[in-house]
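Chain and residue survey
Residues per chain are reported as follows:
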Amino acid sequence: GQLAGTHTFVGSLSWQNGDLNNAGSTTIAGGSTLTIAGAADHNFDSHAIVNHGTVVWTAGRIRSGHGGTITNHGAWNDSGTGYALNNDYGGAGGTTFINGVTGVYNKSGGTTSMLVPMDNSGVINISSGTLALGSTFVNTGTVAIAAGATLSSAGALTFGAGSLFRGDGTLSAPSLTTAGAVAPGTASTSGLLTMSGNLSLQAASQALFEIGGTTLGTQHDHLAVTGTLALDGTLAVRFIDGFD
């Protein structure tokens, strides 16, 4: 079936199949949960989905076009394996995923293909698996990649001022140019962060490093770059765990 018009849902909603192919909007209220599951395609051509609560995406492709948008102001929990959010319907305006300032996109599990433009001013946490970017990516927020996890991009990336790239995992892209901060590990622990590709730190950027001992990656921060490295900006070093 197809749900038309403009709706706000409170409580728990399960989207197993059916289309939202219309120019209306669906809002998930704060404190509410939308579960996207089942192998069937989940289509929202021309539709706007706005999340203020929690979305749990476990299975099924999500497809749109003609200006369809997803705007996440809450938590978007993606644990799917081998699924994609794409622009199969095409048309003017395409499809966009917006992770707003208060939005948190949590990726775990296998590989998710983000085949539409993604705009992040909130937080993207990749705790395991891979988030594969197949279109443009605008980032002024935080990208945190845990050990063993990957953010990949087919194209070159640019992170804006105020952004933060941190963690113990891998960013794989032809290049990353950033005016924001790069910080291996977490805010309180050291780590080993890998850039698979070229990395260029701009004049406004910061490289944030913690030193808590002499062991690379576990006691002091390490940034590994497989390609070329261009250094500019500010290096900020602080001692942790009583090390001197």
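Since we're looking at a predicted model, the values are computed, not measured.

When helices and strands are tallied, the protein chain shows 0 helices and 29 strands. For a compact globule of 244 residues, the expected C-alpha radius of gyration is about 18 Å, and the protein chain comes in at 19 Å, within 12% of that figure. Across its three principal axes, the protein chain shows a C-alpha extent of roughly 65 × 35 × 25 Å. By the burial criterion, 47% of the 244 residues in the protein chain qualify as buried. Long-range contacts, defined as pairs at least 24 residues apart, comprise 38% of the intrachain contacts of the protein chain with a sequence gap of at least 6.

If you look at the biggest cluster of nonpolar residues, it comprises 40 residues, and the most contacted ones within it are W76, F97, Y105, M114 and L171. For this core, the element with the highest residue contribution is strand β25 (residues 192-201), accounting for 4 residues. Apart from the residues lying within four places of it in its own chain, the contact partners of F97 are I70, N72, W76, L85, Y105, M114, V116, P117, M118 and D119.

Attention now goes to the sheet that holds strand β7 (residues 54-57). The strand order across the open sheet formed by 11 strands is β2-β4-β7-β10-β13-β16-β19-β22-β24-β26-β29, and the pairing between neighbours is parallel. Where the open sheet ends on each side, the last strands, each with one partner, are β2 (12-15) and β29 (234-239). Pairs of neighbouring strands in the sheet enclose a mean axial angle of 15 degrees, with direction left out of account. Note: β7 against strand β10 (residues 75-78), 4 bridges, orientation parallel. Counted as the bridge partner of V56 is N77 from β10.

At S46, a position not held by glycine, the phi torsion is positive, near 70 degrees. Residue placement: S46 occurs in the loop between β5 (42-43) and β6 (48-51).

What follows concerns the side chain of D221. For D221, the position within the fold is in the loop between β26 (206-211) and β27 (222-225). Buried within the structure, D221 lacks any salt-bridge partner; R166 is the closest side chain of opposite charge, at an N-O distance of 6.6 Å. One polar contact links the side chain of D221 to the main-chain amide nitrogen of G191, over a distance of 2.8 Å. With residues near it in sequence (within four places) discarded, D221 still touches P184, G185, T189, S190, G191, L208, F209 and E210.

Aromatic rings considered in pairs are described by the distance between their centres and by the relative angle of their planes. A complete count under the given rule lists 6 aromatic pairs for this structure. With 6.3 Å between their ring centres and 85 degrees between their planes, F159 and F165 make a pair best called edge-to-face. F165 shares its class with F159; the two are buried. One aromatic cluster is present, built from ring pairs that chain together W57, W76, F97 and Y105.

We now examine the pairing of strand β16 (residues 123-126). Here β16 shows a buried face lined by I124 and I126 and an unburied face lined by V123 and N125. In terms of strand pairing, strand β13 (residues 104-107) meets β16 through 4 bridges, oriented parallel. Bridge pairing in β16 places K107 opposite I126.

Enumeration over the complete set of coordinates arrives at 6 salt bridges. Across the pair R61 and D88 runs a salt bridge whose closest N-O atoms are separated by 3.6 Å. Taken as a pair, R61 in the loop between β7 and β8 (62-65) and D88 in strand β11 (residues 83-90) lie far apart in primary sequence, 27 residues in all. On the accessibility criterion, R61 (32% relative accessible area) is partly exposed. One network of salt bridges, in which partners are shared, links D41, R61, R63 and D88.

With respect to the helices and strands, the residue I240 is situated in the segment after β29. It is 23 Å that separates the C-alpha atoms of I240 and G180, two residues lying 60 residues apart in sequence. With near-sequence residues (within four places) excluded, I240 lies in contact with S188, T189, S190, E210, I211 and G212.

The next thing to look at is the pairing of strand β22 (residues 164-167). Here β22 shows a buried face lined by L164 and R166 and a second buried face lined by F165 and G167. Pairing of β22 with strand β24 (residues 181-184) involves 3 bridges; the strand directions are parallel. Among the inter-strand pairings, L164 is bridged to a residue of β24, identified as A181.

Rules used in this analysis
Residues numbered from 1 in each chain as written. Predicted model: local features only at pLDDT ≥ 70, side-chain atom pairs only at ≥ 80, totals over all residues. Heavy atoms only, no water. Helix = DSSP H or I, 4+ residues; strand = E, 2+ residues; numbered from the N terminus. Rg over C-alpha atoms; globule rule 2.2 N^0.38 Å. Buried < 20%, exposed > 50% of the residue type's maximum accessible area, 1.4 Å probe, protein only. Contact = heavy atoms within 4.5 Å. Core = buried A, V, L, I, M, F, W, Y, C linked by side-chain atoms within 4.5 Å. Pairing = 2+ DSSP bridges. Axes fitted to C-alpha atoms, helices over the stretch in contact; angles between N-to-C directions. Lys, Arg positive; Asp, Glu negative; His and termini not counted. Salt bridge = Lys/Arg side-chain N within 4 Å of Asp/Glu carboxyl O. Polar contact = N/O pair within 3.5 Å; in protein donor to acceptor, adjacent residues only side chain to side chain. Phe/Tyr/Trp six-rings, centres within 6.5 Å; stacked < 30°, edge-to-face > 60°.

Functional significance is not addressed by these values, which are geometric in nature.
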